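Take a look at the letters that make up each chain.
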Amino acid sequence: MGRRVVETMIRSVCVFCASSEFAADSFKKIAYDLGKRLANEEINLVFGGASIGLMGCVASGVRDGGGRVTGVLPHFFMGKGIVYAEMDEVIVTKNMRERKAIMDQHSEAFIALPGGIGTLEEVIEILSLLQLKQTAKPLILINTHDFYRELINLFEKMIRLKFAKPNAMDLFHLAKDSASAVETLKAGYR
């Protein structure tokens, strides 16, 4: 939606996405493709550190492409047998709030693939920080199978009913697939 050109290429991106193993294979393929594309552009992955769902797929794509993977996990995830084993760096946090702060510190941009409540919560927090000008890091939503359509409809309703300003739609970029998301990063979207 909104764009500003910046001088430097983004070198690390935090990817928010589902950990559900039950997501359709088409979503998993997009996640893996995103990982491969990030690695091809030498963009490091920062993610939730799980081996399951779209999280595991995006990390596998990065690893298979020769890229760097940093996982950030809360302590209580460590004994669940879901930690992605091939990370270059593992950061264990006290809780989920610290996890998000660390992911933010290690990233220059955010990409959200489809996901559940946790993914939605992460996206909304970044949107809130962007609106309050507490971050200027870009946020890209990959709209696989029109996944984010209802969220966009809700934002448009908020604007129509004067709960949000029209420029709320400029706080993020909606990408149709992983290729256009990475191209947006390369073009210096802010």
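Quick caveat, the model's predicted, so the values are computed rather than measured. (Residues numbered from 1 in each chain as written. Predicted model: local features only at pLDDT ≥ 70, side-chain atom pairs only at ≥ 80, totals over all residues. Heavy atoms only, no water.)

1. Quick notes on the pairing of strand β2 (residues 44-47)
Stated formally: If DSSP finds at least two bridges between two strands, the strands pair. Note on conventions: DSSP H or I runs of at least 4 residues are helices, E runs of at least 2 residues are strands, and numbering of each starts at the N terminus. Throughout, right-handed denotes a crossover for which the path from the first strand over the helix to the second runs clockwise when the strands point away from the viewer.
When strand β1 (residues 12-16) meets β2, the two strands line up parallel, connected through three bridges. Residue V13 lies in a different strand from β2, and its bridge partner there is L45. One crossover worth recording links β1 to the parallel β2 by way of helix α1 (residues 25-40), and it is right-handed. Here β2 runs beside strand β3 (residues 69-74); their pairing, made up of three bridges, is parallel. Along β3, the bridge assignment pairs L45 with V69. Handedness of the β-α-β unit built from β2, helix α2 (residues 53-64) and β3 comes out right-handed.

2. Some points on the environment of H75
Condition: Residue contacts are defined here by distance: any two heavy atoms, one from each residue, within 4.5 Å place the two residues in contact.
Mapping H75 onto the fold places it in the loop between β3 and β4 (89-93). Taking the C-alpha atoms as reference points, H75 and A181, 106 residues apart in sequence, are found 31 Å from one another. Not counting chain neighbours up to four residues away, the residues in contact with H75 comprise V92 and T93.

3. Notes on the packing of aromatic side chains
We count it as follows: By convention, a stacked pair of Phe, Tyr or Trp rings (six-membered ring in the case of Trp) has centres within 6.5 Å and planes under 30 degrees apart, an edge-to-face pair has planes over 60 apart, and any other such pair is tilted. Only protein chains enter the accessibility calculation, which uses a 1.4 Å probe; a residue is then buried when its area is under 20% of its type maximum, exposed when over 50%, and partly exposed in between.
Enumeration over the complete set of coordinates arrives at six aromatic pairs. Measuring from ring centre to ring centre gives 6.5 Å for F27 and F147, while their planes differ by 80°; the resulting arrangement is edge-to-face. On the criterion of sequence distance, the pair formed by F27 in helix α1 and F147 in the loop between β6 (139-142) and α5 (149-160) is long-range, its members being 120 residues apart. By relative accessible area, F27 is classed as buried at 18%. The partly exposed category is assigned to F147, whose relative accessible area is 34%. On the numbers, 4.8 Å between centres and 80° between planes, the contact of F76 with F77 is edge-to-face. On the basis of relative accessible area, F76 is assigned to the partly exposed category, the value being 44%. Through successive ring pairs, a cluster of aromatic residues spans F27, F147 and Y148.

4. Observations concerning the state of the cysteines
To be explicit about the condition: Cysteine sulfur atoms are paired as a disulfide whenever they fall within 2.5 Å.
Going through the model one piece at a time under the given rule, you end up with zero disulfides. Take C17: it sits in no disulfide, and the sulfur closest to it among the cysteines is that of C57, at 8.3 Å.

5. Quick look at the side chain of S107
This is how it is decided: Each polar contact in these results corresponds to two N or O atoms within 3.5 Å; when the atoms are within protein, one needs to be able to donate a hydrogen and the other to accept it, and residues that are neighboring in sequence are counted only if both atoms are side-chain atoms.
Among the secondary structure elements, S107 is positioned in the loop between α3 (96-105) and β5 (109-112). Residue S107 is classed as buried on the basis of its relative accessible area, which comes to 3%. In terms of polar contacts, S107 uses its side chain to reach the backbone amide nitrogen of C14, at 3.5 Å. Apart from residues no more than four positions distant in its own chain, S107 is found in contact with S12, V13, C14, V46 and K137.

6. Observations concerning unusual backbone geometry
Positioned with a positive phi, E42 is a non-glycine residue whose angle comes to about 60°. Mapped onto the secondary structure, E42 falls in the loop between α1 and β2. Even without glycine at this site, K162 takes up a positive phi of about 70°. The residue K162 is located in the loop between α5 and β7 (173-175) in this model.

7. Some points on the packing of α1 against α2
The criterion, for reference: In this analysis, axes come from line fits to C-alpha atoms, helices being fitted only over the stretch in contact, and the angle between any two N-to-C directions falls in the range 0 to 180 degrees. Left-handed describes a crossing whose near helix is turned anticlockwise from the far helix by less than a right angle; the clockwise case is right-handed. Any residue that is not Ala, Val, Leu, Ile, Met, Phe, Trp, Tyr, Cys, Pro, Asp, Glu, Lys or Arg is counted as polar, Gly included; the first ten are nonpolar and the last four charged.
As a packed pair, α1 and α2 sit with axes 7 Å apart at the nearest point and diverge in direction by 35°. When you trace α1 past α2, the crossing you get is right-handed. Where α1 abuts α2, its residues F27, K28, A31, Y32, L34, G35, K36, L38 and A39 lie against L54, C57, V58, S60, G61, V62 and D64. Per-class residue counts for the contact of α1 with α2 are ten nonpolar, three polar and three charged.

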